[in-house]
Every structure is written in structure tokens, then in C-alpha cells.
Amino acid sequence: MNKTELIDAIAARAGVTKAMAGKVLDATTAAIMATLKNEEDVTLVGFGTFYVGERAARTGRNPRTGKAIKIAAAKTPRFRAGKGLKEAVQ
């Protein structure tokens, strides 16, 4: 499912226009991104939790030359599925 199909599904289930569903989806994703930028968690009970994870610095290899390169530590967005989502998938 891509973004357009998700907007169509939201509009159909909520009984709103596609334009309104698109605005709501955009506002939701923007709010999640802003919260994660502040390194805070976003918990949707029954669905899951979005959080910021840390990836340690490590040594990798350049695939072209085979030389070792240093890969810097990074913060990455992560998602942990909640009980309701896990049960829905099974």
C-alpha cells in the first residue's frame, strides 16, 4: 500500500474527503517526525511505539576498493509493534 492508497482507505473508513484524509495523514506524520526529532517516543496504544535508536560507530568495507572505512555513530528512527498490531498480523 502506498500513500495514495492509504489516503483512500482513511477517507473511506472515516467518511471524509480524500483531501481531508491527506491533510490528516500529513499532519500525523509531521507530528511524529517532530516528536522524534526531539528524541521523544510516540506511543499509540495497541499499535506500537516510534522511538529514536542509537547505532554505534563501526568499521565497514568499501565494496569497490575493499578498504576499511569508519562508519560514524548515528541515531535512527525505529518502531516497536504493540500487542494489538502483533495479534492482527497473526
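Everything below is about the structure shown above.
Everything numeric in this text was worked out from a predicted model, so none of it was measured.

Conventions and cut-offs
Residues numbered from 1 in each chain as written. Predicted model: local features only at pLDDT ≥ 70, side-chain atom pairs only at ≥ 80, totals over all residues. Heavy atoms only, no water. Phe/Tyr/Trp six-rings, centres within 6.5 Å; stacked < 30°, edge-to-face > 60°. Helix = DSSP H or I, 4+ residues; strand = E, 2+ residues; numbered from the N terminus. Buried < 20%, exposed > 50% of the residue type's maximum accessible area, 1.4 Å probe, protein only. Contact = heavy atoms within 4.5 Å.

Here we come to the packing of aromatic side chains. This structure, assessed with the given rule, holds two aromatic pairs. Note on Phe-47 and Phe-79: the rings are 5.5 Å apart at their centroids and 55° apart in plane angle, and the pair reads as tilted. Of this pair, Phe-47 sits in the loop between β1 (42-44) and β2 (48-55) while Phe-79 sits in strand β5 (residues 74-81), placing them 32 residues apart in sequence. Under the relative-accessibility criterion, Phe-79 is labelled partly exposed at 35%. Both rings, one in Phe-50 and one in Phe-79, keep their centres 4.8 Å apart while their planes meet at 50°; by these two values the pair is tilted. One end of the pair, Phe-50, is in strand β2; the other, Phe-79, is in strand β5, and 29 residues separate them in sequence.

The next thing to look at is the environment of Gly-82. Among the structural elements, Gly-82 can be located in the loop between β5 and α3 (83-89). Residue class for Gly-82 comes out buried when judged on its relative accessible area of 15%. The spatial distance from the C-alpha of Gly-82 to the C-alpha of Gly-60 is 33 Å, given a sequence separation of 22 residues. For Gly-82, the residues in contact, after removing those within four places along its chain, are Phe-47 and Gly-48.

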